[in-house]
Amino acid sequence: MTSEQFIASKAVEAVKALYNTDVPASQMQVAVTRKEFEGDYTLVVFPLLRISHAAPAATGEAIGAWLTASCPEIAAYNAVQGFLNLSLSNLYWQESFDSIASDPDFGVLPSTGRRVMVEFSSPNTNKPLHLGHVRNNLLGSSVSDLLKAAGNEVIKTTLVNDRGVHICKSMYAWQKSFDGATPQTSGKKGDHLVGDCYVEFNNIYSAEVKELMASGLDEETAKKEAPSIKAAHDMLVKWEENDPAVRALWQMMNEWVFEGFEQTYKALGISFDKTYYEHETYLLGKELVRKGLDEGVFVKDPDGSVWCDLTADGLDRKLLLRSDGTSVYMTQDLGTAERRFAEYKLDSHVYVVGDEQNYHFQVLKLVLGKLGFAWADQIFHLSYGMVELPEGKMKSREGTVVDADDLIEKMYAEAKATSEESGKLEGLSEEEKDRLYHMIGLGALKYFILKVDPKKKMLFNPKESIDFNGNTGPFIQYTHARICSILRKAAEAGQGACTAPAELSAKEIRLVKILASYPQKVAEAAAAFSPALIANFAYELAKEFNQYYHDTPILKEPDAAVLALRLRLIGCIAAVLRKAMGILGIELPERM
RNA sequence: GGUUCCGUAGCUCAGCUGGAUAGAGCAACAGCCUUCUAAGCUGUGGGUCACGCGUUCGAAUCGCGUCGGAAUCACCA
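Keep in mind it's a predicted model, so treat the numbers as computed, not measured. (Residues numbered from 1 in each chain as written. Chains lettered and ligands numbered in written order. Predicted model: local features only at pLDDT ≥ 70, side-chain atom pairs only at ≥ 80, totals over all residues. Heavy atoms only, no water.)

### Some words on the protein's contact with RNA strand B
In the vicinity of RNA strand B lie 64 residues, with Asp303, Asp316, Lys424, Tyr549 and Lys556 positioned nearest. Counted by atom, the contact set of RNA strand B within 4 Å of the protein is 62% sugar and phosphate. At a separation of 2.6 Å, a phosphate oxygen of RNA strand B approaches a polar side-chain atom of Arg482. Between Lys489 and RNA strand B, the recorded distance is 2.7 Å, taken from a side-chain N or O atom to a phosphate oxygen. With eight residues, helix 21 (residues 531-551) is the single largest residue contributor to the surface near RNA strand B. Residue composition of the surface near RNA strand B, by class: 26 nonpolar, 18 polar and 20 charged. (Near = heavy atom within 4 Å. Polar contact = N/O pair within 3.5 Å; in protein donor to acceptor, adjacent residues only side chain to side chain. Helix = DSSP H or I, 4+ residues; strand = E, 2+ residues; numbered from the N terminus. Nonpolar A, V, L, I, M, F, W, Y, C, P; charged D, E, K, R; others polar.)

In structure tokens:
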């Protein structure tokens, strides 16, 4: 039970005793008291006036008096207008702190018994990952950990788009102008090499289109008749016919990309429990469409195409099978959803996909519902906003794409420079330093991206590097390193063994209050699929600690019992910071 | 045009299941390192919460409308 819930339950008792009326605890409004008022929590009494039939202040006064008289945990009260400010007893906070400190699983919520699949990343194999993918990956990975902390069993998955015209384009360009280059011979990461092929294809293609237009063709025809695009389409047909040469080339180039992606994932600390490949799943869903036709929820047009009419739901008609019987994106998604729910006995499925596909997922849910799947409303589209540059969207054609590998490298270099400047790392081996720079650089990047509400679009300015001061990952990492430093020194000096009781100060109670709110924060963040709430929590805790640190000496405290209490408290803060930041995929160093 | 989302300090963002005088960081300015790590702490300035109307004891938060921005509405994925 949280402190808010505790107060609410006591308020219910007070109202029952004073006014002989039952009010559900859920209707009690309890909030953390604003810092300019005395008290820990505030009960808003306005909603109770119709029960008390008295003025706001008088009602607050009456409830406050009852609570302090009847509950030993509630030590004092003051009523300001309709706000009843309550102070919990020192003993209450002491016990609260003890239970946090003694629970190694603090912040891990009891099991919900639910199994959730989270799909994220899902890249195309024709270009390297960029900043937009980084947001997707970090969100997906973090939400997975968040749902785990909230008591769910989580299966992380990704669907690699390894087939289609786009890959054929890269294949064609490679054959034509890359002279047999491989990642080994070119010294390029595989995904970058294939990305170069894709760019090269577009160069070839647009040159051809230009030429054809110069010879008198209109643009539309030129775009269709360009030899390179015809060759790419040809390759796709051959791929579908299982042509050995095309398949071999396709496999080789995909392998290059996978190896490249693997490196980037590793650098980001991303992993999956199950990887799907589109070449294995793109035919799924046709059976479902047939079933829908039989049941009359879909319709077939005279030309043979199959549609789902969603006009009654305020949407359009949606194509499910082309007139030639081939499937579209939606068909595949219907099929993979059905298969996953069946194979893994899922209770729900989260898709981490950009908000440009809101419509797609709206349709997916509706269609699955029409097909009669009870789990259709257990599908959640975690829709996140695009990452934009000051000039607007990233455009590969204009070369404004922020490459993931470059960015990671840059953050590492930045962390290294800052660390070397501060010169606090004496005694660490080169290997340890290297690990630390990576930890800090990545911490800055991950926090920068995860602290903003997923559904909002976010701005990234490549000219201003990601900050290491203020509300940042390194700030929290630094706070942790500070605490560790104190704990190290205490251990060396043999301090902190005293087990005599000691009282928490007002500032320490503030810290305990924040610590105690953590499980509730995890629950809220999981319900909202928002790691940003966890980031805000960690920042608030770190900031509060730093203030405490500045005006409260710990190792110099003469009273051994108080000193021991303080060490326990800061150890607890460090542990909770590790848990919270762990959900964001950010490691905290012991030194920096 | 339909649908959905967004608009809070110069900039980047919190706060949004209605509660007290709207908060942080960055940037600017002024302080604090012989004392547990200054990637820190303290202070100053900075706001018509896009605008209007409504709902009510109370609105940045809810509803309607207007303005501005984004996404989407393919026999693409």
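### Looking at the sheet that holds strand 8 (residues 299-300)
Spatially, three strands are ordered 8-9-10 in an open sheet, and the strand pairing comes out antiparallel. Every other strand in the sheet has two partners, leaving strand 8 and strand 10 (317-321) as the edge strands with one partner each. Here four bridges tie strand 9 (residues 306-309) to strand 10, and the two strands are oriented antiparallel to one another. Across the sheet, residue Asp309 finds its bridge partner in strand 10, namely Arg317. (Pairing = 2+ DSSP bridges.)

### Some points on the packing of helix 16 (residues 404-422) against helix 17 (residues 430-450)
Between helix 16 and helix 17, the shortest axis-to-axis distance is 8 Å and the interhelical angle comes to 115°. Crossing hand, helix 16 versus helix 17: right-handed. Counted together, Leu407, Ile408, Met411, Tyr412, Ala415, Lys416, Ser419 and Glu420 of helix 16 and Asp434, Tyr437, His438, Ile440, Gly441, Leu442, Ala444 and Leu445 of helix 17 form the full contact between these two elements. Of the residues assigned to the contact of helix 16 with helix 17, the class counts are 10 nonpolar, three polar and three charged. (Axes fitted to C-alpha atoms, helices over the stretch in contact; angles between N-to-C directions. Left-handed = near helix turned anticlockwise from the far one by under 90°. Contact = heavy atoms within 4.5 Å.)

### A short note on the sheet that holds strand 4 (residues 83-88)
With respect to topology, four strands assemble into an open sheet ordered 1-2-4-3, the strand pairing being antiparallel. Across the chains shown, the open sheet's two edge strands, defined by having one partner strand only, are strand 1 (30-32) and strand 3 (74-80). Across the sheet, the mean angle from the axis of one strand to that of its neighbour is 30°, orientation sign disregarded. Of the strand pairs in this sheet, strand 1 and strand 2 (residues 41-44) are connected by three bridges, and their pairing is antiparallel.

### Things to note about the environment of His130
Residue placement: His130 occurs in the loop between strand 5 (115-119) and helix 5 (131-149). Setting aside anything within four residues of it in sequence, one finds His130 in contact with Met394, Val401, Val402, Asp403 and Ala404.

### What about the packing of aromatic side chains?
Two measures describe an aromatic ring pair: the distance that separates the ring centres and the angle between the ring planes. Counted by the stated rule, this structure contains 24 aromatic pairs. Note on Phe380 and Phe529: the rings are 5.5 Å apart at their centroids and 50° apart in plane angle, and the pair reads as tilted. One end of the pair, Phe380, is in strand 12 (residues 379-384); the other, Phe529, is in the loop between helix 20 (518-528) and helix 21, and 149 residues separate them in sequence. Its relative accessible area of 30% is what places Phe380 among the partly exposed residues. The class of Phe529 is buried, set by a relative accessible area of 16%. Geometrically, the ring pair formed by Tyr518 and Phe537 is tilted, given 5.1 Å between the ring centres and 35° between the ring planes. Of this pair, Tyr518 sits in helix 20 while Phe537 sits in helix 21; the two residues are 19 residues apart in sequence, bridging distant segments of the chain. Phe537 shares its class with Tyr518; the two are buried. (Phe/Tyr/Trp six-rings, centres within 6.5 Å; stacked < 30°, edge-to-face > 60°. Buried < 20%, exposed > 50% of the residue type's maximum accessible area, 1.4 Å probe, protein only.)

### A closer look at the pattern of salt bridges
Inspection of the entire model under this criterion finds 24 salt bridges. Where Glu153 meets Arg115, a salt bridge forms, and the shortest distance between an N and an O atom there is 3.2 Å. With Glu153 in strand 6 (residues 153-160) and Arg115 in strand 5, the pair connects residues that are 38 residues apart, well separated along the chain. Given a relative accessible area of 42%, Glu153 falls into the partly exposed group. Judged by its relative accessible area of 26%, Arg115 falls in the partly exposed class. Taking the shortest distance from any N to any O, the salt bridge between Glu219 and Lys223 comes out at 3.3 Å. Of the two residues, Glu219 and Lys223 both sit in helix 9 (residues 219-225), four residues apart, roughly one turn of that helix. Given a relative accessible area of 42%, Glu219 falls into the partly exposed group. A cluster of three or more residues bridged by salt bridges with shared partners is formed by Lys189, Asp191 and Asp405. (Salt bridge = Lys/Arg side-chain N within 4 Å of Asp/Glu carboxyl O.)

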